[in-house]
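For reference, the chains in residue letters:
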Amino acid sequence: MGRIVYNDAHSQSITMKSAPQCEIEVLFGSAARGDVDNLSDIDILIVDDDPQRLRIRKKWLTTSGLSVSDYSWRRLVRLFEQRTLFSVHLKLESKLLHDQLGRYRDLLSLAQPATSYTKALNDSLLLFSGIESVPDSDTGRLWALDHLAVAFRNSAILLLANDGRFVFSYSDLLDELCLRGKLDIQEASVLRTLRHAKRRHRSGQVAPIARTAVTSAMRAVDRVFHLGMHTSFEKGICISKDLTPETSTQAYLHFRMIEKELLSAPILQEPEAAFEKQAMLHRVRAPHDYLWWGLYGSEGIRSSLRRIRAAY
């Protein structure tokens, strides 16, 4: 038996015989910081050059309730060479669980922040374009709050990183923005509720959500980024554009737009189309697979959407 312990109050047993460890396994995020709560994902990074071992281990850990990021060694090294913010995050806030060859510790010693995150910040701000239209339903408005939570956190991290402040805790981000005068206490309180909305959306717990919940959150976000954000609440289907994404941000946005379309579509009566719709929803909601599907599986995505749309 192997055992992953991610803080004093939470632990998860993993059977190594059923899921052999990867070369490198690392906790990061709130689990590594020690501020995990009931809204937190338990984030783990696994690294191995054997694709089958990665796949088996990822499936096992995911089934155990962890949020898994899987990388080959070459891909991880490239992230450090490019001085990505994720590499800085790992250096500052990761907890090593297993390092078979000792390569991870050596890689961390080489990690350096980029001189500027302006390009990455501008790229991340494109995510907010996804909320220009929102399905006018409780499910659609909850989707919008989930999307806002992700887009705001990513962009806020980059905004502060550009000033040399590396803050990854959602709560600490809001506190820092309040100290800088970019948010007041009431606006920060509104944005704190986005974590609850994100959890509800991803667990399928739909409840009445007023339009004002979306618009007030958007106003608070706009105080920070000055994007002139606005939205319309749509009664019909929010059809997504057929794109071939070229970056991870474009792939993520594209998948969120597909999710919005499927959530705004009517219940399908044709069994095969209904099954394919659910399968597509499951695919676009896989946070660690969207880049692969966006960059390499776009034709399959388009084909599935055509069959689903034919049943609307």
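Peer 1: Would you mind showing me how to read the pattern of salt bridges here?
Peer 2: Two side chains that carry opposite charge are able to pair once their charged atoms sit near each other. Tallied over the entire structure, the rule returns 28 salt bridges. With a closest N to O distance of 2.7 Å, arginine 57 and glutamate 25 form a salt bridge. Taken together, the residues arginine 57 in helix α2 (residues 51-63) and glutamate 25 in strand β3 (residues 24-28) connect sequence positions 32 residues apart. In this structure, arginine 57 and glutamate 25 share a single accessibility class: buried. Between arginine 180 and aspartate 163 there is a salt bridge, with its nearest N and O atoms 2.7 Å apart.

Peer 1: Just to check I follow, could you spell out the packing of aromatic side chains for this structure?
Peer 2: Aromatic ring pairs are described here by two measures, namely the spacing of the ring centres and the angle between the planes. Evaluation of the coordinates by the stated rule reveals six aromatic pairs. With a centroid separation of 6.0 Å and 75° between ring planes, the pair formed by phenylalanine 152 and tyrosine 170 is classed as edge-to-face. You can see phenylalanine 152 sitting in helix α7 (residues 138-161) and its partner tyrosine 170 sitting in helix α8 (residues 170-179), a full 18 residues away along the chain. Joined through ring pairs, the aromatic side chains of Phe128, Phe152, Tyr170 and Phe225 make up one cluster. A cation over an aromatic ring shows up here: arginine 103 above the ring of tryptophan 73, its NZ or CZ 4.2 Å from the ring centre.

Peer 1: Can you walk me through the packing of α7 against α8 in this structure?
Peer 2: How two helices sit against one another is set out by the angle between their axes and by the gap between those axes. At a minimum axis distance of 10 Å, the contact between α7 and α8 shows a crossing angle of 60°. Put simply, α7 runs oblique to α8. The hand of the α7/α8 crossing is left-handed. Judged by residue contacts, Ala149, Phe152, Arg153, Ala156, Ile157, Leu159 and Leu160 of α7 engage Tyr170, Leu173, Leu174, Glu176 and Leu177 from α8.

Peer 1: What am I meant to see in the layout of surface pockets here?
Peer 2: Regions of empty space are outlined by a rolling probe, equal in size to a water molecule, passed over the atoms. By volume, the second largest pocket amounts to about 370 Å³. Of the residues forming the lining of the second largest pocket, the biggest block, six residues, is contributed by helix α11 (residues 248-264). Its residues assigned to classes, the lining of the second largest pocket shows six nonpolar, seven polar and three charged.

Peer 1: Would you explain the side chain of serine 240 in this entry?
Peer 2: With respect to the element layout, serine 240 can be found in the loop between β8 (232-234) and α11. Leaving out residues up to four positions away in the same chain, serine 240 has contacts with Met257, Ile258, Glu261, Leu305 and Arg309.

Peer 1: Can you help me understand the pairing of β3 in this one?
Peer 2: When a strand is regular, its side chains alternate between the sheet's two faces. Of all five residues that make up β3, five are buried, and the element is covered over most of its length. Residue alternation in β3 divides its side chains into two sets, Ile24, Val26 and Phe28 and Glu25 and Leu27, and both sets are buried. Where β3 meets strand β4 (residues 43-47), five bridges bridge the pair, whose relative direction is antiparallel. Across the sheet, the residue bridging to leucine 27 is isoleucine 44, located in β4.

Definitions and limits used
- Residues numbered from 1 in each chain as written.
- Predicted model: local features only at pLDDT ≥ 70, side-chain atom pairs only at ≥ 80, totals over all residues.
- Heavy atoms only, no water.
- Salt bridge = Lys/Arg side-chain N within 4 Å of Asp/Glu carboxyl O.
- Helix = DSSP H or I, 4+ residues; strand = E, 2+ residues; numbered from the N terminus.
- Buried < 20%, exposed > 50% of the residue type's maximum accessible area, 1.4 Å probe, protein only.
- Phe/Tyr/Trp six-rings, centres within 6.5 Å; stacked < 30°, edge-to-face > 60°.
- Lys NZ or Arg CZ within 6 Å of the ring centre and 35° of its normal.
- Axes fitted to C-alpha atoms, helices over the stretch in contact; angles between N-to-C directions.
- Parallel < 35°, antiparallel > 145°, perpendicular 65-115°, else oblique.
- Left-handed = near helix turned anticlockwise from the far one by under 90°.
- Contact = heavy atoms within 4.5 Å.
- 1 Å grid on protein atoms, 1.4 Å probe; cavity = no way out; pocket = protein on both sides within 12 Å on 5 of 7 lines; lining within 4 Å.
- Points joined across faces, edges and corners; volume = space filled by probe spheres on them.
- Nonpolar A, V, L, I, M, F, W, Y, C, P; charged D, E, K, R; others polar.
- Pairing = 2+ DSSP bridges.

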